[in-house]
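# Close look at the chain arrangement
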Amino acid sequence: MNLLELGAAALAAAVREGEVSARQAVEAYIQQVQASEPTVGAYLRLDEAGAREQAERIDQASWEERRRWPLAGVPVAVKDNIVMEGMETTAGSKILSGWVPPYSATVVERLVAAGAIILGKTNLDEFAMGSSTEFSAYHPTYNPWDPGRVPGGSSGGSAAAVAAGSALVALGSDTGGSIRQPAAYCGVVGLKPTYGRVSRYGLIAFASSLDQIGPLARTVEDAALLLEVLAGVDAKDATSVDEPVPPYRQHLDQPLPGLRIGVPAEYFGEGIDPVVQRTVEAALQRLAAGGAQLVPISLPHTPYAIATYYLIAPAEASSNLARYDGIRFGLRQPASDLTQLYESTRAAGFGVEVKRRILLGTHVLSAGYYDAYYLRAEKVRTLIRQDFEQAFAHVDVVATPTTPDLPFPLGSRSDDPLRMYLSDVCTVTSNLAGLPAISVPCGWAEGLPVGLQLIGPAFSEDLLLRAARMVEAVTERPRWPWQREEA
Amino acid sequence: MAAKAVGYDVIIGLEVHVELKTRTKLFCGCENRFGAPPNSLTCPVCLGLPGVLPVLNQEAVAKAARAGLALGCTVREISKFDRKQYFYPDLPKGYQISQYDQPLCEHGQLAIYDGRGNYVKTVRIRRIHLEEDAGKLNHLGQRLSDAAGSLVDLNRAGVPLIEIVSEPDLSSGEEARWYLNALRTVLSYLDISDLRMEEGSMRCDANVSLRPHGWAGSLGDLPRVEIKNLNSLRNVERAIDYEVERQATRLAQGLKIELETRGFDDVSGRTYSQRSKEEAHDYRYFPEPDLPPLRLEAAQIAAWAKALPPLPDRVREELKAAGLEAKDAEILVQDPSAVAYFRAAWEAYGKAVPVANWMLSDLARLLNAAKRGYGDAPVPPAELAALLTQIDRGVLSGRMAKEVLEAMFERGESAEAAIRRLGVSQISDEGRIRQEVEAVIGEHAKVVEDFRAGKEKALAFLVGQVMKRTRGQANPEVVNRLLRELLSEPVRPSGS
Amino acid sequence: MGFTVRDVRHVARLARLAVSEKEAERLVSDLNAVLTYAEQLNALTTDSVLPTFHGLGRAMPLREDAVHPSFSPERALSQAPQVKDAMFVVPRILEGDGEGGAEE
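Here is a short report on the structure shown in this document. (Residues numbered from 1 in each chain as written. Chains lettered and ligands numbered in written order. Predicted model: local features only at pLDDT ≥ 70, side-chain atom pairs only at ≥ 80, totals over all residues. Heavy atoms only, no water.)

## Regarding the overall build of chain A
Going by this rule: Helix and strand definitions follow DSSP, with helices as H or I runs of at least four residues and strands as E runs of at least two, each counted in order from the N terminus. Here the globule rule reads 2.2 Å times residues to the power 0.38, and the radius of gyration is calculated from C-alpha atoms. Only protein chains enter the accessibility calculation, which uses a 1.4 Å probe; a residue whose area is less than 20% of its type maximum is buried, one above 50% is exposed, and one in between is partly exposed.
Of the regular secondary structure elements, chain A holds 18 helices and eleven strands. For chain A, whose C-alpha radius of gyration is 21 Å, the value lies close to the compact-globule estimate of 23 Å for 487 residues. Along the longest, intermediate and shortest principal axes, the C-alpha atoms of chain A span 65 × 55 × 45 Å. Across the 487 residues of chain A, 70% fall into the buried class.

## Notes on helix H5 (residues 106–113) of chain A
Residues and elements named next belong to chain A. The following threshold applies: Whether two residues are in contact is decided by their heavy atoms: any pair within 4.5 Å suffices.
Those residues of H5 that fall on the buried side of the exposure criterion are Thr106, Val107, Val108 and Leu111. Those residues of H5 that are buried lie in contact with strand E2 (75–79), strand E3 (117–122), strand E4 (169–174), strand E6 (212–217) and helix H8 (220–230). Just past H5, the residue Gly115 takes up positive phi, approximately 90°.

## Considering the interface of chain A and chain C
Our working definition: Summed over both partners, the accessible area lost on bringing two parts together, with a 1.4 Å probe, is the buried area. Take a side-chain nitrogen of Lys or Arg and a carboxyl oxygen of Asp or Glu: if they are within 4 Å of each other, that pair is a salt bridge. Here a polar contact is recorded for every N or O atom pair within 3.5 Å, except that within protein the pair must consist of a potential hydrogen donor and a potential acceptor, and residues adjacent in sequence are included only if both atoms are side-chain atoms.
Taken together, the contact pairs 65 residues of chain A with 53 residues of chain C. Summed over the three residues of chain A that lose the most area to chain C, namely Leu359, Arg376 and Lys379 of chain A, the buried surface amounts to 12% of that side. Scanning the region where chain A abuts chain C turns up five salt bridges. The partner of Glu243 of chain A in a salt bridge is Arg58 of chain C, with the nearest N and O atoms 3.4 Å apart. At the junction of chain A and chain C, the tally comes to 25 residue pairs in polar contact (both at pLDDT 80 or more). Those elements giving two or more residues to the side of chain A that touches chain C turn out to be helix H11 (305–320), helix H12 (338–349), helix H13 (352–365), helix H14 (370–391) and helix H15 (417–422) of chain A.

## Some remarks on the environment of Ala377 of chain B
Within the element layout of this structure, Ala377 of chain B appears in the loop between helix H9 (352–370) and helix H10 (381–392). Among residues more than four places away in sequence, those in contact with Ala377 of chain B are Tyr341, Leu367 and Arg372 of chain B.

## Details of the packing of H5 of chain A against H8 of chain A
Packed helix pairs are characterised by how far apart their axes lie and by the angle those axes make with each other. All names here are of chain A. For clarity, the threshold we go by: Between N-to-C directions, angles cover 0 to 180 degrees, with each direction set by a line fitted to C-alpha atoms, over the stretch in contact for helices. With respect to orientation, any angle under 35 degrees is reported as roughly parallel, any angle over 145 as roughly antiparallel, any angle of 65 to 115 as roughly perpendicular, and every other angle as oblique. Crossing handedness follows the turn of the near helix against the far one: under a right angle anticlockwise gives a left-handed crossing, and clockwise gives a right-handed one. Put simply, Ala, Val, Leu, Ile, Met, Phe, Trp, Tyr, Cys and Pro go in the nonpolar bin, Asp, Glu, Lys and Arg in the charged bin, and everything else, Gly too, in the polar bin.
Where H5 contacts H8, the two axes come as close as 9 Å, and the packing angle between them is 115°. When the axes of H5 and H8 are compared, the pair comes out roughly perpendicular. For the element pair H5 and H8, the recorded crossing hand is right-handed. Contacts between H5 and H8 pair Val107, Arg110 and Leu111 from the former with Leu226, Val229 and Leu230 from the latter. Tallied by class, the residues present in the contact of H5 with H8 amount to five nonpolar, no polar and one charged.

## Remarks on the sheet that holds strand E9 (residues 149–153) of chain B
Inclusion rule: Between any two strands, at least two bridges found by DSSP are needed for them to pair.
Strand order in this open sheet of four strands is E8(B)-E9(B)-E2(C)-E1(C), and the pairing throughout is antiparallel. Pairing within the sheet leaves two strands with one partner each, and these edge strands are strand E8 (136–140) of chain B together with strand E1 (83–84) of chain C.

## Brief notes about the nonpolar core
Selection criterion: Take the buried Ala, Val, Leu, Ile, Met, Phe, Trp, Tyr and Cys residues and link them wherever side-chain atoms come within 4.5 Å; each set so joined is a nonpolar core.
In terms of nonpolar packing, the biggest core is built from 220 residues, with Leu111, Phe127, Leu359, Leu452, Leu454 and Leu465 of chain A touching the most fellow members. Here the element with the most residues in this core is H11 of chain A; it accounts for ten residues. Not counting residues within four places of it along the chain, the set of residues in contact with Leu111 of chain A comprises Leu71, Val76, Val78, Ala116, Ile118, Leu171, Leu226, Val229 and Leu230 of chain A. With 111 residues, the next largest nonpolar core counts Ala5, Leu104, Leu183 and Ala356 of chain B among its residues.

## Looking at the side chain of Glu106 of chain B
Residues and elements named next belong to chain B. Within the fold, Glu106 resides in strand E6 (residues 105–113). What makes Glu106 buried here is its relative accessible area of 18%. At 3.5 Å, the side chain of Glu106 and the side chain of Arg76 are in polar contact.

## Describing helix H14 (residues 445–452) of chain B
Residue and element names in this part refer to chain B. Just so we agree on the cut-off: Here the arc refers to the set of directions running from the helix axis out to each C-beta atom.
Every buried residue belonging to H14 is among Val447, Val448 and Phe451, and all of these are buried. Down the axis of H14, the buried side of the element spans an arc of 105°, and every buried residue falls inside it. Structural note: H14 exposes Lys446 and Glu449 on the side pointing more than 90 degrees away from its buried face. Buried residues in H14 make contact with helix H13 (430–443), helix H15 (457–469) and helix H16 (476–488). A positive backbone phi angle near 110° is found at Gly454, which sits one or two residues after H14.

## A few points about the interface of chain B and chain C
Counting from both sides, the interface comprises 60 residues of chain B and, opposite them, 42 residues of chain C. Here chain B and chain C share an interface that buries about 4100 Å² over both sides, 62% of which is from carbon and sulfur atoms. Joining chain B to chain C, the criterion identifies zero salt bridges. Summed over the shared surface of chain B and chain C, the number is 17 residue pairs in polar contact (both at pLDDT 80 or more).

## Quick look at the layout of surface pockets
Going by this rule: A pocket here means an open set of points on a 1 Å grid, computed over the protein atoms alone, that has protein on both sides within 12 Å along at least five of seven lines. A cavity is instead a set of points where a 1.4 Å probe fits but cannot get out; residues with an atom within 4 Å of a point line either one. Grid points are joined across faces, edges and corners, and a volume is the space filled by probe spheres set on the points.
By volume, the second largest pocket amounts to about 810 Å³. Every residue lining the second largest pocket is counted, 41 residues in all, and those nearest its centre are Tyr201, Ala235 and Lys236 of chain A, Val55 of chain B together with His68 of chain C. Among the residues forming the lining of the second largest pocket, the class breakdown is 24 nonpolar, eight polar and nine charged.

## A closer look at the packing of aromatic side chains
We apply this condition: Side-chain rings of Phe, Tyr and Trp (the six-membered ring for Trp) are treated as a pair once their centres are within 6.5 Å; stacked means planes under 30 degrees apart, edge-to-face means over 60, and tilted covers the remaining angles. Criterion for a charge above a ring: Lys NZ or Arg CZ within 6 Å of the ring centre, and within 35 degrees of the ring normal.
The full count for this structure, using the stated rule, is 24 aromatic pairs over all chains. A ring pair is formed by Tyr342 of chain A and Phe87 of chain B, whose centres lie 5.3 Å apart and whose planes are at 55°; its orientation type is tilted. Of the two residues, Tyr342 of chain A is situated in helix H12 and Phe87 of chain B in the loop between strand E4 (82–85) and strand E5 (95–98); the pairing between them involves two chains. As far as burial versus exposure is concerned, Tyr342 of chain A and Phe87 of chain B are alike and both buried. Both rings, one in Tyr100 of chain B and one in Tyr285 of chain B, keep their centres 4.0 Å apart while their planes meet at 15°; by these two values the pair is stacked. Taken together, the residues span a long stretch of sequence, with Tyr100 of chain B in the loop between E5 and E6 and Tyr285 of chain B in the loop between strand E14 (270–276) and strand E15 (286–287) at a distance of 185 residues. In this arrangement the basic side chain of Lys80 of chain B is found over the ring face of Phe53 of chain C, its NZ or CZ atom lying 5.9 Å from the centre. The ring centre of Tyr283 of chain B lies 4.4 Å from the NZ or CZ of Lys84 of chain B, which sits over that ring.

## Some thoughts on the sheet that holds E5 of chain B
Sheet architecture is open: three strands sit in the order E5-E4-E15 (chain B), paired in antiparallel fashion. The two strands at the open ends of the sheet, each matched to only one other strand, are E5 and E15 of chain B. Sheet strands in contact with H11 of chain A are E4, E5 and E15 of chain B, and its direction is about 60° off that of E4 of chain B.

Right, dumping it as structure tokens:
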């Protein structure tokens with residue numbers, strides 16, 4: 001049996017029953033990491049020793065203990081903007097080079113408590129600001145389906161690791177599409193939960209009112225299993241919400257007869273690559289053939305979403321990134337006075353995209369501009385939210401392409417920030433509205449994956465996962481890149 | 001005396017920061033304690049490490065709301081937190097979590113009194129908001145400007161503060177002092193803060209401007225000077241008086257007043273410029289996304305209001321109604337532990353005025369000397385009452401009672417035990433005193449004659465002799481009365 | 001265009017970010033592009049719309065006032081670039097370095 005072939009639920013069951021040791025699983029994945037990393041570059045840091053240690057702990061545990069671990073022996077990759085005590089965490093930035101956090105994120109604690117094995121930390125655009133992982137201060141990550149193309153971003157490392165078989169599942173974070181867009185580009189499943197569904201404690205903040213941690217996985221089932229472990233209220237995060245966590249995985253194959261799928265006109269047509277549109281539409285037709293109802297709808301404020309997002313997110317980011325000052329942790333440049341310390345440390349530590357957003361955000365919050373930019377954007381956010389409220393009066397979920405295009409070649413957009421921003425057009429609305437959204441592969445075009453996005457009402461992850469499972473069931477997937485390499 | 005500015009009204013508003021006495025900090029579980037070793041009360045949250053989030057302390061909310069209610073404010077059912085952004089090494093996150101446009105409490109008022117307890121005016125409170133304190137900087141070297149650097153201690157970072165902002169209703173340094181005093185008194189009744197200005201648990205900034213008589217514009221258009229970090233009531237008054245004079249002098253010379261922030265130099269008694277308008281802040285306030293709006297139930301706010309203790313204004317009226325003089329009432333009102341002591345002693349003894357008199361004279365003197373307060377007085381209120389009862393019963397003279405009180409204070413004895421140990425109980429038994437009086441009359445025939453001839457002074461000598469024979473224990477009233485009685489009788493042959 | 005090199009210098013000072021001349025020029029054009037794009041929001045009438053500042057409109061949970069163990073000073077300081085006497089070291093503070101000193 002090739003251990004890489006097992007899904008998370010199957011692997012965990014095998015480890016629990018002692019049919020497979022956690023150590024065997026870890027070794028199989030470490031081997032795959034070593035094979036794929038030279039061409040993919042998904043990881044910033046591997047923790048082989050830590051992974052082996054945790055595997056030993058699992059294998060030595062009694063059956064009584066092991067049976068309580070839903071992720072027993074499951075190798076997980078964690079985006080490097082999620083902190084883990086004792087392991088260097090950089091958020092892809094030079095300003096945090098060498099920083100060893102003295103505490104762990106709530107999601108990391110939950111993973112470890114569920115028996116998961118953390119393999120290492122994955123690459124990302126610096127502070128999660130980007131859509132290609134090209135803005136990592138360390139190295140780029142390459143799309144496992146085509147190394148000339150980007151894996152998407154900012155959770156590009158996590159998505160690429162799952163697609164490359166160098167992790168079974170992974171954690172990403174999503175502020176404007178940073179889980180779903182790389183999931184689409186890498187042909188994996190990515191879920192951004194409802195705002196407040198998963199604790200943000202220990203997630204290095206980009207834009208606090210938009211950020212959510214979520215799972216990336218090969219299958220909807222694995223994503224459901226991982227979300228079950230991650231979700232739930234956390235006393236350390238005042239924005240996490242005390243809503244019951246349903247057994248997502250158990251519900252997965254419950255049918256959704258007559259599911260009403262809203263198809264918003266604004267997400268199809270202009271600005272969407274015809275190849276992507278055709279692939280998504282074909283998938284929707286297959287769902288309709290299976291009994292789903294396709295309902296044409298309108299989300300009229302969608303055209304304003306990018307502008308809204310690129311005022312709010314940088315504003316919050318400019319504030320969240322003020323703590324990188326060279327005093328308590330991280331990079332510090334030599335300086336003879338305090339202002340110089342701040343200015344030179346931050347100039348040396350932040351990359352160009354982060355600087356752009358800090359300055360943009362500072363500007364929109366500064367005296368005389370707050371009302372015209374920041375406040376206005378927060379009002380338009382209300383309008384975008386209301387669009388969805390109205391839509392969900394008539395439909396169960398909303399379906400759109402996850403991205404307007406196929407994965408693009410490295411270097412083709414990094415010099416044009418506005419163009420890069422516009423590629424977030426399909427994903428930012430659900431962050432602005434706080435709604436859950438999932439990207440699931442719905443077909444392959446030109447050998448590259450295409451993602452279909454499903455957006456649901458707040459706390460409808462259960463429904464979204466079931467609907468995504470339906471998409472998965474009607475989608476033919478080629479062999480994974482790691483299966484091809486093996487062949 | 002208060003500075004004068006001829007042709008102008010003096011307009012003063014105060015911003016007072018008060019550290020709340022909670023067990024933990026505002027947004028994390030680190031202990032809120034003064035004087036711990038540097039950086040020993042920190043965690044990821046108050047260090048501002050990447051990834052952390054604030055969680056609001058409910059006790060801080062309750063204490064802030066109670067402060068608002070005690071100052072007559074409306075407590076908002078919905079308030080929100082905002083980030084106030086600036087870079088400084090004592091501010092780990094690069095922003096302070098504060099409240100900007102929806103503070104917890106609004107629209108209150110505070111009556112102020114002069115040192116003799118006379119009502120002066122009622123000052124409006126604009127708002128009270130909850131925010132986190134910054135850490136502490138220790139400068140290497142004498143002054144900030146020539147320091148080689150500074151050391152940052154974050155124990156205080158995140159300690160809960162309330163900021164109480166008055167309307168500009170004050171018009172002199174003296175009034176500002178009275179206001180602060182009244183504020184401190186009210187807050188001391190709530191036991192929500194240590195209120196120690198010298199330790200920084202209460203801090204004051206003063207805004208001072210001069211308004212020309214007949215000024216038609218808004219107050220906001222007047223050039224306003226903010227004096228930062230005044231650390232004692234006396235310095236608040238000094239700094240304001242100096243500033244009023246400085247501004248008046250400049251205006252008299254035809255110079256303008258710059259909108260600026262000034263510091264106060266304790267030694268020279270002068271204010272000095274710290275930051276001019278050109279360096280004005282742009283704090284870039286915006287709603288704190290990590291904290292949803294704070295919602296309080298109306299019933300909760302009502303319950304807090306109901307549970308407030310009797311506050312100074314009410315206590316002051318009560319004391320005056322009990323017969324205390326305004327001045328005495330004022331002294332007691334200033335100190336909630338004195339009021340508690342007074343109430344207990346008054347209840348045990350039954351009369352208010354003697355209790356106040358003894359508290360404010362002899363007991364106060366003993367407490368001062370021992371550097372103690374009424375809260376930990378070695379003589380409990382019930383024992384002061386017992387002592388006063390013994391005076392009423394004639395067991396003790398006033399002079400004896402002082403002696404007994406001192407003994408009680410020093411040894412922590414009950415009144416009864418001290419009287420017994422000292423053997424100072426007064427002789428009021430008339431038969432016994434009559435014997436002594438007769439003996440004295442017999443021994444001092446010459447003086448008796450003088451008295452009978454109209455020399456009133458002679459009586460004092462005779463009283464003194466009786467007291468001497470009784471070692472001071474005879475009740476002087478009885479001695480006096482009996483002497484007069486016996487001396488007014490006809491002379492009888494001795495031995496009859 | 002609205003956003004000038006002067007503006008870049010102003011916000012860079014507020015954000016405590018040293019910006020070279022070359023960077024400043026580039027930033028002017030990048031930020032102008034975004035701000036110009038954002039002007040489309042002016043087409044919407046938002047006077048009567050309430051802003052959405054938070055991720056989800058739930059009320060705030062409060063924390064009990066219970067002490068949790070703090071870090072030891074060693075742990076608190078373990079990642080600091082410069083430490084003295086169990087405190088974080090900063091270089092000297094000049095006039096104008098003060099809180100929020102905003103102008104060039």
